[in-house]
Amino acid sequence: MKFSENWLRELVDVPAATDELAARLTLCGLEVEDIVRLGGGLDGVVVGEIVAAEKHPDADKLQVCTVAIGGDHPLQIVCGAPNARVGLRAPLAMLGSTVGTITIKAAKLRGVESNGMLCSARELGLDDDASGLLELADDAVVGQALSEHLQLPDTTLELGLTPNRADCLGMHGLAREVAAEFSRTIHIATPKPVPLELDAMLSVRVDAPADCPRYCGRVVRGLDRGVRTPQWLGERLRRSGIRPINALVDVTNYVMLETGQPLHAFDERSIEGGIVVRRAGANERLRLLDGREIDLDDGFLVVADDSGALALAGIMGGQSSKVGDDTRDVFLEAAHFSPSAISGRARRLGMHTDASHRFERGVDAELPRLAIERATELLIEIAGGRAGPVGEAVSLGHLPRRHAISLRRQRLQRVLGVAIGDDDVVRILVALGMHVVANAHGWLATPPSARFDITIEEDLIEEVARIHGYANIPAQPPRGEITPAVISEERIAIAQVRDQLAARGYHEAITYAFVAGELLGRWGMATDAITLANPLSSDLAVMRTSLLPGLVAALDGNRKRQQSRVRLFEVGRRYRLREGVIVETDCVAGVACGAAVDEQWSEPAHAIDFFDIKGDVESLFELAGTEAGVFGMRRGAPAWLHPGRSATVMRGERVVGMIGALDPRLQKVLDLDIDTYVFELEIDALVVRPLPRAKELSRYPSVRRDIAVVVPEEVDYATVIETVRQAVGPLILDVFLFDRYAGINLGEGVKSLAIGLILQDSSRTLTDRDADHCVALAVSALEIEHKGRLRG
């Protein structure tokens, strides 16, 4: 929100310079984002009146103007502004004055002498408008210093208000905040009811009272549309970031800036019957003031008459009822629309208006009648006209209610760490517009109707702290004993997972939990995706169902920046919708491409393959310290993985992740020019480990037996190992693969696996007969389970 410092000082006598005011506002939670000083260095710039204007003899776009500045000696000025005309009063920079970086000197333009410069608002540093001369009021005193006429210098301050402080989107609310901060009295006059000279009144009905608990309207007729907006009002609008348009629109904008209550004016001639506030009907259409025609549904609230929708409630008016240059009779609207009825609707249409900005955050429900009285007062003062009575529809049961909130003295001191006097607490709360009643434990404070953000005791504590001043609360280190959390030995820390992957050459990445729905669609992961109701952008519209799309995108970004070998991992959360329930799962995922190892002299270079990334994943299994066989890999993986270079990761019988190369078709869709390997594992399954228990080491030697078994090609090595373990039983200490062979000598569709068996007993030395029996058990089981045979 932008505002004029001079305007604020009219409402509150601020005993501080601009910089201190800005600092105090920021410290109390109203952050000042920008300070623009206006009208400095305008010495020598006066109000001039063009009393004659003739076309330049040698230039089509220039005029030779005679400009009166008071006295008997007008000045000749050559001017190229399109709005330069006889009778116009505009700023004139006299000879010797400085405008911006230009010192005004006598000059000849195309042979015609010019003794000064008529100025635009941009040239004077007052506005960005450079379309023509700054037009001053007709009653501006000719020869008067411009700074005096426009009440300059002034300063425009811009606040970055948080959504909870909608009460400060009007000058009255901001003035109350400043008055409380500086312990000053606020000067806000209550508008006087205008004389009623008409009986005309449109009927008002609200069919959606929960969305619009209060609606006020008034007919004003006989307005003089030819009248100009007063200079003082136009300047306040301009310094608040709103360009003046015409008297009627400017008055509604001004009252919105002054009170915080948006208003709208309808051309009374366009209204058929009475006014009704209702939900839009199916397939209803409305052409807005900006010319767009939109399709409505029952999610939108509209202001309508007997013929249909006239305006999008709380957002923008309609084209059919807009006021024009010939409008003399208007229907003024001021209503309280609930935030839930307006929030997100403008964004759905790609819009953002001053009205929707305020209504989405919450506008004081007591303001509509006051604002409509103020707007009527200004309209009649500026443009004449006659006013009718205010029509009002109100649903008291749906109006926001302010309840008393208990503030305990002891709680206040405990939270802030400092004792604040009772008198100071009461003074602060009363200054913020609250009704305060003392009791034995502290106070009962009822927030004003404009403060939707004050609902619990902690909110009151924050208000006291803000106005008391955070700088006045001493910094004290916390005291007391802190009991460290008990770290279970049955879980490994996530930090160990991170350290392990970092030790294997991976870099940790952090990607957005929001992704584009189109990206998940490419991966085939959009089925269980959760669509955001209010996304930051279309590229961040759904919650990720896997960490891999974001990681692969990061890998691709690194590849496009000359990184040929990329290793990334992320520990984060994925989100899926299962049977209407949101399921959040903590995962660790990794992506890799390029060479298996960094370029070096001791090892030949080769591209990463499935077994390289499989080794990385198995190193994470080792962290858990579980017995062999707890983790395993089986054939089968999602469609977005390569069918021949992928696997499902198991913990026992539970699927806990997947690993493999991306499917070539997906790589083509993602525009990846290199084989990319990925893995994703559930954290909860990865970090659980059995409680370490000591056991006696066998005093007897182990025995090794090697066997070469021919099995069908489709039989997994993991299945072979599991079969051998179960067949041999407790005597097997370890089993491992040390060779694999497939070729013509064996025949088609089979492979030979050379397996080493380490056998040991804790009570005796195993004999050759024992070892041969174990081998026989293993071979027999392989024959039965997998049609295996010993290689001859």
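Note that the structure is a prediction, hence the values are computed from the model and not measured.

### A few points about the overall build of the protein chain
Broken down by element type, the protein chain carries 21 helices and 39 strands. The C-alpha atoms of the protein chain give 39 Å as radius of gyration, which overshoots the globular expectation for 792 residues (28 Å, by more than 25%). By principal-axis analysis of the C-alpha atoms, the protein chain measures approximately 130 × 80 × 60 Å. For the protein chain, the residues scored as buried account for 49% of the 792 residues in total. Counted over contacts in the protein chain with a minimum sequence separation of 6, partners at least 24 positions apart contribute 69%. For the protein chain, the computed accessible surface area is about 39,700 Å², with 50% contributed by carbon and sulfur atoms. Taken together, the 88 basic and 113 acidic charged side chains of the protein chain have centroids lying 3 Å from each other.

### Focus on the sheet that holds strand β31 (residues 581-593)
Taken in spatial order, the seven strands of this open sheet run β27-β30-β31-β35-β34-β33-β32, and their pairing is mixed. Looking along the sheet, the strands with just one partner apiece sit at the ends: β27 (507-508) and β32 (631-634). Where β31 and strand β35 (residues 676-682) come together, seven bridges link them in antiparallel fashion. Opposite Val588, over in β35, you have Leu681 as the bridge partner.

### Section: the packing of helix α14 (residues 494-503) against helix α17 (residues 610-624)
Direction vectors running N to C along α14 and α17 enclose 145°, while the axes themselves pass 10 Å from each other. Every pair of crossing elements has a handedness; the one defined by α14 and α17 is right-handed. Mapping the contact onto sequence places Gln496, Val497, Gln500 and Leu501 in α14 and Ser619, Leu620 and Leu623 in α17. The residue makeup of the contact of α14 with α17, split by class, is four nonpolar, three polar and no charged.

### Some words on the nonpolar core
The biggest cluster of nonpolar side chains holds 54 residues, and the ones touching the most others in it are Phe3, Leu8, Leu25, Met171, Leu174, Val178 and Leu332. Beyond its immediate stretch of four places on either side in the chain, Leu8 contacts Phe3, Leu21, Met171, Leu174, Ala175 and Val178. Counting residues in each nonpolar core, the second largest holds 40 residues, with Ala200, Val206, Leu296 and Ala346 among its members.

### Focus: the pattern of salt bridges
Under the counting rule described, the total for this entry stands at 69 salt bridges. A salt bridge links Arg573 to Asp586, with the shortest nitrogen-to-oxygen separation between them at 3.0 Å. Pair noted here: Arg573 is in strand β30 (residues 566-578) and Asp586 is in strand β31, with a separation of 13 residues, a long-range link. For Asp586, a relative accessible area of 33% translates into the label partly exposed. Ionic pairing is found between Lys614 and Glu618, a salt bridge with its closest N-O pair at 2.7 Å. Here Glu618 and Lys614 lie together in helix α17, a separation of four residues that amounts to about one turn. Note on Glu618: relative accessible area 32%, which makes it partly exposed. Taken together, the salt bridges that share partners define one network made up of Asp127, Asp129, Asp154, Glu235, Arg238, Arg239 and Arg243.

### A few points about the sheet that holds strand β12 (residues 154-160)
With antiparallel pairing, three strands are arranged side by side in an open sheet as β1-β12-β2. Strand pairing shows two members of the sheet lacking a second neighbour, β1 (2-4) and β2 (31-38), which therefore form its edges. In this sheet, neighbouring strand axes are inclined to one another by 25° on average, regardless of whether the strands run parallel or antiparallel. Pairing of β2 with β12, which is carried by seven bridges, proceeds in the antiparallel orientation. Note that in β12 the partner of Val36 across the bridge is Thr156.

### Side note on unusual backbone geometry
The amide bond that connects Leu152 to the next residue, Pro153, takes the cis arrangement and shows omega of 0°. Tracing the backbone shows Pro153 in the loop between α3 (146-149) and β12. Within the chain, Gln562 stands out as a residue other than glycine whose phi angle is a positive 65°. Assignment of secondary structure puts Gln562 in the loop between α16 (548-559) and β30.

### Considerations on the state of the cysteines
By definition, a disulfide is the covalent link that joins the sulfur atoms of two cysteine residues. Across all of its chains, the model carries zero disulfides by this definition. Free of any disulfide, Cys212 has its nearest cysteine sulfur in Cys216, 9.1 Å distant. Given the relative accessible area of 1%, Cys212 is considered buried.

### Some words on the environment of Ile461
Considering the arrangement of structural elements, one finds Ile461 in helix α13 (residues 457-468). Taking the C-alpha atoms as reference, Ile461 lies 55 Å from Gly143; in sequence the two are 318 residues apart. Setting aside its immediate chain neighbours within four residues, Ile461 contacts Leu407, Arg411, Leu412, Val415 and Leu416.

### Some words on helix α10 (residues 367-383)
Because an α-helix completes one turn every 3.6 residues, residues spaced three or four positions apart along the sequence face the same direction. Taking 1.5 Å as the rise per residue, α10 with 17 residues should run 24 Å; its terminal C-alpha atoms sit 23 Å apart, in good agreement. With respect to burial, α10 is a largely interior element, twelve of its 17 residues being buried. Listed in full, the buried residues belonging to α10 are Leu367, Pro368, Ala371, Ile372, Glu373, Arg374, Ala375, Thr376, Leu378, Leu379, Ile382 and Ala383. Those residues of α10 hidden inside the fold are in contact with β14 (214-221), α5 (231-239), α6 (247-259), β22 (330-336) and β23 (386-394). Just beyond α10, the residue with positive phi is Gly384, at close to 70°.

### Here's the deal with the pairing of strand β34 (residues 654-662)
Most of β34 is tucked away: seven of the nine residues are buried. Relative to β34, strand β33 (residues 641-651) is paired through seven bridges, and the arrangement is antiparallel. Looking at β34, one finds that Arg651 is bridged to Arg654. What sits between β33 and β34 in their antiparallel hairpin is a turn of two residues, with Gly652 showing a positive phi close to 65°. Two elements, β34 and β35, share five bridges in a ladder whose sense is antiparallel. What sits directly across from Gly657, in β35, is Leu681.

### Section: the side chain of Asp250
Residue position: Asp250 is located in helix α6. Buried within the structure, Asp250 lacks any salt-bridge partner; Arg238 is the closest side chain of opposite charge, at an N-O distance of 8.2 Å.

### Quick word on the packing of aromatic side chains
In this structure the tally under the stated criterion is nine aromatic pairs. For the ring pair Trp232 and Tyr254, a centre distance of 5.5 Å and an interplane angle of 90° mean the geometry is edge-to-face. With Trp232 in helix α5 and Tyr254 in helix α6, this pair connects stretches of sequence that are 22 residues apart. On the accessibility criterion, Trp232 (37% relative accessible area) is partly exposed. Residue classification places Tyr254 among the buried positions, given a relative accessible area of 1%. Taken together, Trp7, Trp232 and Tyr254 form an aromatic cluster joined through their ring pairs. A cation over a ring is seen here: Arg409 above Trp443, with NZ or CZ 5.1 Å from the ring centre.

### Quick notes on the packing of α5 against α6
Contact geometry of α5 with α6 gives a least axis separation of 10 Å together with a crossing angle of 60°. Considered as vectors, α5 and α6 are oriented oblique to each other. In this structure, the crossing between α5 and α6 has a hand that is left-handed. For the pair α5 and α6, the contacting residues are Trp232, Leu233, Arg236 and Leu237 in the first and Asp250, Asn253, Tyr254 and Leu257 in the second. Considered class by class, the residues forming the contact of α5 with α6 number five nonpolar, one polar and two charged.

Thresholds applied
- Residues numbered from 1 in each chain as written.
- Predicted model: local features only at pLDDT ≥ 70, side-chain atom pairs only at ≥ 80, totals over all residues.
- Heavy atoms only, no water.
- Helix = DSSP H or I, 4+ residues; strand = E, 2+ residues; numbered from the N terminus.
- Rg over C-alpha atoms; globule rule 2.2 N^0.38 Å.
- Buried < 20%, exposed > 50% of the residue type's maximum accessible area, 1.4 Å probe, protein only.
- Contact = heavy atoms within 4.5 Å.
- Areas by Shrake-Rupley, 256 points an atom, 1.4 Å probe, with all protein chains shown as cover.
- Lys, Arg positive; Asp, Glu negative; His and termini not counted.
- Charge placed at Lys NZ, Arg CZ, Asp CG, Glu CD.
- Pairing = 2+ DSSP bridges.
- Axes fitted to C-alpha atoms, helices over the stretch in contact; angles between N-to-C directions.
- Left-handed = near helix turned anticlockwise from the far one by under 90°.
- Nonpolar A, V, L, I, M, F, W, Y, C, P; charged D, E, K, R; others polar.
- Core = buried A, V, L, I, M, F, W, Y, C linked by side-chain atoms within 4.5 Å.
- Salt bridge = Lys/Arg side-chain N within 4 Å of Asp/Glu carboxyl O.
- Disulfide = S-S within 2.5 Å.
- Expected span 1.5 Å × (residues − 1).
- Phe/Tyr/Trp six-rings, centres within 6.5 Å; stacked < 30°, edge-to-face > 60°.
- Lys NZ or Arg CZ within 6 Å of the ring centre and 35° of its normal.
- Parallel < 35°, antiparallel > 145°, perpendicular 65-115°, else oblique.

Remember that the coordinates give geometry; whether it matters functionally is a separate question.
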